[in-house]
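This is what each chain is made of:
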Amino acid sequence: MLFNSLEFLIFLPLVFLFYWYVLDKRLRLQNLFVIIVSYIFYGWWDWRFLFLIIFTTGCSYFSGLAIKHYQNQGLNNIAKICSTGNVIINLAILGIFKYYNFFAESMQTLLQSLNFHLDYPTLNVILPVGISFYTFQALSYSIDVYWNKINPTKDALAFFAFVCFFPQLVAGPIERATNLLPQFQRNRTFDYSVAVDGCRQMLWGFFKKVVIADNCARYANIAFGNYNEVGSMSLLLGAFFFTFQIYGDFSGYSSIAIGCAKLFGIKLQPNFRVPYFSRDIAEFWKRWHISLNKWFVDYVYIPLGGSRVSKIKVIRNIFTIFLLSGLWHGANWTYVVWGLYHACLFLPLILLNKNHKYSGGFCEDKNFPSLHEAFNMLGTFLLVMIGWIIFRATSLTQALEYITKLCSFEKRTGEIGIAFVDSLWLIGIIMVALLFEWWNRNADHEFKRIIPKPLVRNLVYFILIASIYVSYMMTIEDDTTFIYFQF
Amino acid sequence: MQMRRLIIKTFITILVPVVVFTFVMAFWTDNLSKLSHEKNVLLAYERLDSLKDVNKIVVISGSNGGFGIESQILADSLKMPVVNTSTHAGIGIRMQFEIYKDFLKRGDIVIFCPEYGSGNLRLYGESTLLRVLSTHLPKAYLKMNFRQWCYSFKYIGIHFLDAMDHLHFHRPYEGPYSSSSINRYGDVEYPREHMDIKTNDVFFSATMDEETTAFYQYLHEYLRGNGITLIHLPPALIESAYLNDGNKKNLDSLEGYMKENNIPFQAAPSRYVFPDTLFFDTPYHLTMYGAHLRTLKMVEDVKRVL
């Protein structure tokens, strides 16, 4: 079920009412209800996917119990086998569904180039929605249990609710058991101000998805779909619009998910913090898809030695997590190269020890960035935008041709293209949205600060809802699925 | 108490802009439509209003009627005034009839020849309906029932998007699709030559859904019950499409289905199949000469039924 669908518009109020009016203060029933509605939400795509998520959840649940059991008995080796076994099983599922065909085809191409002819069979399977998200969430639990960061839970209802909680099930944030699981183990009470804040966050999320991302998609598709025929200006605009499409799409989903969770008394971790205001690539990765990056840092980067090893090893570690991050996004060489591209951008910061230059809030004591900061922001934005061209392209050849043509300053030859004047309205909306996010740059989320005057506040709500509605109706026949569902 | 407050406030906050902008979008006029042959919806309405007390021939059809009938021949042969309401199949058969229904009186003749097609698209129309109503005849929105609204709702945004695209369309508009091509009967009267038309694909389906069938039955009964003669004729169809085996089979099956459900054509579909060279730019739009030949056949069929 999509957040931006009529089904969800009916689903959410019904679930909310039943959750609070009928099941209030009945923890186990509430958790059971969360599991049922989450499975309905997930099974809406394809009910067969449910078997996979139930299996993954079950594996992690029992492995957690087994790990603790053997650790208590001093049988650490068996505990390690349980933990590793769970990681292997989950990664094997992920590998089969997501990466098998990619590796089989790549291997075949490689062997053919060496004059070996081997036929690897390919699998004709549908990629289950959001498989990478819930697999990583389930994995983190058993690893944390093994590392004694948390105690395993015997409460199966709480654990299943933790893995399948519908707002963040298909596109994150990738939650940790340390944050989310305890929230399913204690009574939740309705808090009006938190719920209102959740509604505001959802509203901003819908605005980013429906108004910004879906409209940007129309322009970006023109440029990427016809990159051979359009001029450099259209390619630049196409890259610009895709940069905001992916931001609006993914951060919009995260905002809706986090806001939606607040309606049920659950606090999820933030996933985005105004990333396009970042002053260098290191800061960008502290603000973009935070939950995934923290996952890779905690479970890959730090176990490899993190930054407390020699420079060469730090570089190796950086390349490893960016390579994995690229692969996590999908089984295509474009994602791999996109990951490596970002690792390369990281390299100078590592070598100059400047990867922690910007952390925490920014411009806290002033309204506007300095000229130097603004210049850095623009530079970072442009570097990220080039990365998105690689990410969006269907092949490396396309990415290369797109960038080459973009830099050739060619004029449009055919009728297809994006006219700057025609797209000004959308650029205007993006700028207003960025100003709004700048105003909330150090707040908990991008729509946190409350406009004091009720009339102005209600007018802003009116404009946002009206623009979401109008935009939704205008794109009703377009494909407006969230990009990150495929990951 | 607080939860109720949240629900009510959220509901109102969402409802107000949604209702306001539903109306804003639905009633937004389209600058291109103002200048196009779609204006015929208004012209036909005004002409029918002026003829409401006299007996007349009313042609109800999609654009195959506008681009395929020479009403002068009908008027001269049958000695009755003719109003050709045919504009665009996208308006939907239901509204094509409902808009003009109140002007029909005992003794009138209705020539009904909608394009082939299936399902709700032909019955309830698409964004064209909203474009035509908002631009030319807003009061006809009152003729839309709940089911029609449910179906048309999804087209509101598409209509608005089209209207936005045409926001700066103010240049002179000439050609067969312009409002200036409409003659005093409602026909498109503009010299038009045969163009290359692709007819390889099966472009219509013989299946008629229950709702469309029920509407046709209602239309037949309503007219019969009010003493109005109905001539239900097949539309003009391009020969190469007809000869496409799939289409021919579809048409045979459709004809049989309509007979079974008491909504038969009063002429065989094959009778209205014309050579490709008599068609203008689509498999349904005839050239001026094609329209002339088709009308002669219509006159014969109407006289036979009368």
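Residues numbered from 1 in each chain as written. Chains lettered and ligands numbered in written order. Predicted model: local features only at pLDDT ≥ 70, side-chain atom pairs only at ≥ 80, totals over all residues.

**Section: the overall build of chain B**
Moving on, step 1. Within chain B, the secondary structure is distributed over 14 helices and six strands.
Moving on, step 2. Whereas a compact globule of 306 residues would reach a radius of gyration of roughly 19 Å, chain B reaches 20 Å, a difference of no more than 12%.
Moving on, step 3. Projected onto the principal axes, the alpha-carbon positions of chain B cover approximately 75 × 50 × 45 Å.
Moving on, step 4. Looking at chain B as a whole, 46% of its 306 residues qualify as buried.
Moving on, step 5. In chain B, of all internal contacts separated by at least 6 residues, the share reaching a separation of at least 24 is 84%. (Helix = DSSP H or I, 4+ residues; strand = E, 2+ residues; numbered from the N terminus. Rg over C-alpha atoms; globule rule 2.2 N^0.38 Å. Buried ≥ 20, exposed ≤ 12 C-beta atoms within 10 Å, placed from the backbone. Contact = placed C-beta atoms within 7 Å.)

**Some thoughts on the interface of chain B and chain A**
Moving on, step 1. At the interface, 17 residues of chain B touch 16 residues of chain A.
Moving on, step 2. Secondary-structure elements contributing two or more residues to the side of chain B that touches chain A are helix 1 (2-26) and helix 10 (156-165) of chain B.
Moving on, step 3. Of the residues that constitute the side of chain B that touches chain A, the class distribution is twelve nonpolar, four polar and one charged. (Nonpolar A, V, L, I, M, F, W, Y, C, P; charged D, E, K, R; others polar.)

**Brief notes about unusual backbone geometry**
Moving on, step 1. Of note, the phi angle at A:Val274 is positive, near 30 degrees, even though the residue is not glycine.
Moving on, step 2. Residues other than glycine seldom take positive phi values, yet B:Asn262 does so here, at roughly 60 degrees.
Moving on, step 3. With respect to the helices, strands and loops of the structure, B:Asn262 is situated in the loop between helix 13 (245-260) and strand 6 (273-274).

**Examining helix 8 (residues 127-136) of chain B**
Residue and element names in this part refer to chain B.
Moving on, step 1. Most of helix 8 is tucked away: ten of the ten residues are buried.
Moving on, step 2. Of the positions making up helix 8, those classed as buried are Ser127, Thr128, Leu129, Leu130, Arg131, Val132, Leu133, Ser134, Thr135 and His136.
Moving on, step 3. The secondary structure elements touched by the buried residues of helix 8 are helix 1, helix 2 (31-35), helix 3 (40-50), helix 6 (93-101), helix 9 (146-153) and helix 10.

**Comments concerning the confidence of the model for chain B**
Residue and element names in this part refer to chain B.
Moving on, step 1. Mean pLDDT over chain B works out to 88, with 95% of the residues at or above the 70 mark.
Moving on, step 2. Confidence scores differ between elements of chain B, with helix 7 (residues 119-124) showing the lowest mean pLDDT of 73 and strand 2 (residues 82-84) the highest of 95.
Moving on, step 3. Quick note on the complex model: pTM equals 0.83, ipTM equals 0.76. (pLDDT = per-residue confidence, 0-100.)

**Topic: helix 18 (residues 454-474) of chain A**
Moving on, step 1. Between its first and last C-alpha, helix 18 of chain A extends 30 Å over 21 residues, near the 30 Å set by a 1.5 Å rise per residue.
Moving on, step 2. Within helix 18 of chain A, burial applies to A:Tyr461, A:Leu464, A:Ile465, A:Ile468, A:Tyr469, A:Val470, A:Ser471, A:Tyr472, A:Met473 and A:Met474.
Moving on, step 3. Tucked inside the fold, the buried residues of helix 18 of chain A contact helix 9 (192-225) of chain A together with helix 1 and helix 10 of chain B. (Expected span 1.5 Å × (residues − 1).)

**Thoughts on the domain arrangement of chain A**
All names here are of chain A.
Moving on, step 1. Here chain A is described as being made up of domain 1 (6-188) and domain 2 (193-279 + 362-486).
Moving on, step 2. When each unit is reduced to the centre of its C-alpha atoms, the spacing between domain 1 and domain 2 is 29 Å.
Moving on, step 3. Between domain 1 and domain 2, the contact holds 17 residues from the first and 17 residues from the second.
Moving on, step 4. Split into classes, the residues belonging to the side of domain 1 that touches domain 2 amount to ten nonpolar, five polar and two charged. (Domains from an automatic or database assignment.)

**Quick look at the environment of B:Tyr124**
Residues and elements named next belong to chain B.
Moving on, step 1. Within the secondary structure, tyrosine 124 is located in helix 7.
Moving on, step 2. Given 24 C-beta atoms within 10 Å, tyrosine 124 falls into the buried group.
Moving on, step 3. Between the C-alpha atoms of tyrosine 124 and glutamine 148, which are 24 residues apart in sequence, the distance is 6.2 Å.
Moving on, step 4. The contacts of tyrosine 124, once residues within four sequence positions are left out, are Gly92, Arg94, Gln148, Tyr151 and Ser152.

**What about the packing of helix 15 (residues 371-392) of chain A against helix 16 (residues 396-407) of chain A?**
All names here are of chain A.
Moving on, step 1. Relative to each other, helix 15 and helix 16 sit at 140 degrees, their axes nearing to 8 Å. With respect to helix 16, the element helix 15 is oriented oblique. Seen from above, helix 15 lies across helix 16 with right-handed handedness. Contacts between helix 15 and helix 16 involve Ile386, Ile389 and Ile390 on the former and, on the latter, Ala399, Tyr402 and Ile403.
Moving on, step 2. Classifying every residue of the contact of helix 15 with helix 16 gives six nonpolar, no polar and no charged. (Axes fitted to C-alpha atoms, helices over the stretch in contact; angles between N-to-C directions. Parallel < 35°, antiparallel > 145°, perpendicular 65-115°, else oblique. Left-handed = near helix turned anticlockwise from the far one by under 90°.)

**Remarks on the pairing of strand 3 (residues 109-112) of chain B**
Residues and elements named next belong to chain B.
Moving on, step 1. Here strand 3 shows two buried faces, one formed by Ile109 and Ile111 and the other by Val110 and Phe112.
Moving on, step 2. Sheet topology places strand 1 (residues 57-60) next to strand 3; four bridges connect them, and they run parallel. Within the sheet, the bridge partner assigned to isoleucine 60 lies in strand 3 and is phenylalanine 112.
Moving on, step 3. Direction of pairing for strand 3 relative to strand 4 (residues 229-232): parallel, over a ladder of four bridges. Looking at the pairing, valine 110 lines up with leucine 230 of strand 4. (Pairing = 2+ DSSP bridges.)

**Here's the deal with the environment of B:Leu251**
Moving on, step 1. Relative to the elements of secondary structure, B:Leu251 occurs in helix 13.
Moving on, step 2. Note on B:Leu251: 22 C-beta atoms within 10 Å, which makes it buried.

**Examining the sheet that holds strand 3 of chain B**
All names here are of chain B.
Moving on, step 1. Read from one edge of the open sheet, four strands run 2-1-3-4, paired in parallel fashion. Both edges of this open sheet fall to strand 2 and strand 4, since each of them pairs with a single strand only. Sheet twist, expressed as the mean angle between neighbouring strand axes with direction ignored, is 15 degrees.
Moving on, step 2. As paired strands, strand 1 and strand 2 are joined by three bridges and run parallel to one another. Within strand 2, the residue paired with valine 59 across the bridge is asparagine 84.

**Some details on the nonpolar core**
Moving on, step 1. In this structure, A:Phe162, A:Cys164, A:Cys216, A:Ala223, B:Val110 and B:Ile111 are the most contacted members of the largest nonpolar core, which totals 200 residues.
Moving on, step 2. The greatest single-element share of this core, amounting to 18 residues, is contributed by helix 9 of chain A.
Moving on, step 3. What A:Phe162 contacts, discounting residues up to four positions off in sequence, is A:Ala177, A:Leu180, A:Leu181 and A:Phe184. (Core = buried A, V, L, I, M, F, W, Y, C linked by C-beta atoms within 7 Å.)

**Some words on the packing of helix 8 of chain B against helix 10 of chain B**
Residue and element names in this part refer to chain B.
Moving on, step 1. Across the interface, helix 8 lies against helix 10 with an axial gap of 8 Å and an inter-helix angle of 60 degrees. Taken together, the axes of helix 8 and helix 10 are oblique relative to one another. Two packed elements cross with a definite hand, and for helix 8 against helix 10 that hand is right-handed. Counted together, Ser127, Leu130 and Arg131 of helix 8 and Ile156, Ile158, His159 and Asp162 of helix 10 form the full contact between these two elements.
Moving on, step 2. Of the residues contributing to the contact of helix 8 with helix 10, the split by class is three nonpolar, two polar and two charged.

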